[in-house]
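Below are the chains, spelled out letter by letter.
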Amino acid sequence: MNIAGTAALVVLFRRRMSGFELGETSRSFGLVTIASLALAAVGWGIWRVLDAELGHSLAAQIFALGAGLVLGYAAFFGMCRLLGVRELETMLRLRRALA
């Protein structure tokens, strides 16, 4: 259902915006998908190792989950930079301009 809604929005958006390039959008989607796979692999891997090593106490679970999230997101942003995701570069330029 969500895919159909997204497809419908893309069609409507292309009709209203003359400069909307589906090829570039698809490229960005693919690159972000690859970066997301890196996030999932790193996050799950870190959590799995720490979960096995630290045990199942609440503090250990919070630490393992937090470490997985932090390192997973680091992998995501690193992959986005490595792959040259334009939207990330735009976001970083805007952040520098506002600082």
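Quick caveat, the model's predicted, so the values are computed rather than measured.

Q: Please clarify how the pattern of salt bridges should be interpreted in this entry.
A: Pairing between side chains of opposite charge can happen when their charged atoms approach one another. Throughout the structure, instances matching the rule amount to three salt bridges. Residue Glu 24 pairs with Arg 27 through a salt bridge whose shortest N-O separation is 3.6 Å. Here the residue Glu 24 and the residue Arg 27 both occupy positions in helix 2 (residues 22-54), the gap between them amounting to three residues, near one helical turn. On the accessibility criterion, Arg 27 (38% relative accessible area) is partly exposed. Two residues, Arg 86 and Glu 24, come together in a salt bridge whose shortest N-O distance is 3.5 Å. Taken together, the residues Arg 86 in helix 4 (residues 86-98) and Glu 24 in helix 2 connect sequence positions 62 residues apart.

Q: Can you walk me through the nonpolar core in this structure?
A: In summary, soluble globular proteins display a tendency toward joint burial of nonpolar side chains. The biggest cluster of nonpolar side chains holds seven residues, and these are Leu 31, Ala 35, Phe 76, Cys 80, Val 85, Leu 88 and Leu 92. Looking at this core, the elements that each hand over two or more residues are helix 2, helix 3 (58-83) and helix 4. Discounting residues that sit within four places of it in the chain, Phe 76 has contacts with Val 32, Ala 35, Ser 36 and Leu 39.

Q: What am I meant to see in the side chain of Asp 51 here?
A: Tracing the backbone shows Asp 51 in helix 2. The charged side chain of Asp 51 is buried without a salt bridge, its nearest counter-charge being Arg 48 at 4.8 Å. Excluding residues within four positions of it along the chain, Asp 51 makes contact with His 56, Gln 61 and Ala 64.

Q: Would you explain helix 2 in this entry?
A: Three or four residues apart is the spacing at which side chains of an α-helix point the same way, because the helix has 3.6 residues per turn. With 33 residues, helix 2 should reach 48 Å at 1.5 Å per residue; the first-to-last C-alpha distance of 47 Å fits that figure. Here helix 2 has its buried residues at Ser 28, Leu 31, Ala 35, Ala 38, Gly 43, Leu 50 and Asp 51. Contacts made by the buried residues of helix 2 are with helix 3 and helix 4. Once helix 2 ends, the next one or two residues include Gly 55, with phi positive near 95 degrees.

Q: Would you explain the packing of helix 2 against helix 3 in this entry?
A: The packing of two helices is summarised by the inter-axis angle and the distance between the axes. Closest axis-to-axis distance for the helix 2/helix 3 pair is 7 Å, and the angle between their directions is 155 degrees. By the angle between their directions, the pair helix 2 and helix 3 is classed as roughly antiparallel. The element helix 2 and its partner helix 3 pack so that their crossing is right-handed. The class makeup of the residues in the contact of helix 2 with helix 3 is 23 nonpolar, five polar and two charged.

Q: I tried to follow the packing of aromatic side chains on my own but got confused; where do I start?
A: For any pair of aromatic rings, the description rests on two quantities: the centre-to-centre distance and the angle between the ring planes. For the structure shown, the criterion picks out one aromatic pair. Arranged with centres 5.2 Å apart and planes meeting at 80 degrees, the rings of Phe 76 and Phe 77 form a pair that is edge-to-face. Of the residues examined, Phe 76 reaches a relative accessible area of 15% and is grouped as buried. For Phe 77, a relative accessible area of 39% puts it in the partly exposed group.

Conventions we followed
- Residues numbered from 1 in each chain as written.
- Predicted model: local features only at pLDDT ≥ 70, side-chain atom pairs only at ≥ 80, totals over all residues.
- Heavy atoms only, no water.
- Salt bridge = Lys/Arg side-chain N within 4 Å of Asp/Glu carboxyl O.
- Helix = DSSP H or I, 4+ residues; strand = E, 2+ residues; numbered from the N terminus.
- Buried < 20%, exposed > 50% of the residue type's maximum accessible area, 1.4 Å probe, protein only.
- Core = buried A, V, L, I, M, F, W, Y, C linked by side-chain atoms within 4.5 Å.
- Contact = heavy atoms within 4.5 Å.
- Lys, Arg positive; Asp, Glu negative; His and termini not counted.
- Expected span 1.5 Å × (residues − 1).
- Axes fitted to C-alpha atoms, helices over the stretch in contact; angles between N-to-C directions.
- Parallel < 35°, antiparallel > 145°, perpendicular 65-115°, else oblique.
- Left-handed = near helix turned anticlockwise from the far one by under 90°.
- Nonpolar A, V, L, I, M, F, W, Y, C, P; charged D, E, K, R; others polar.
- Phe/Tyr/Trp six-rings, centres within 6.5 Å; stacked < 30°, edge-to-face > 60°.

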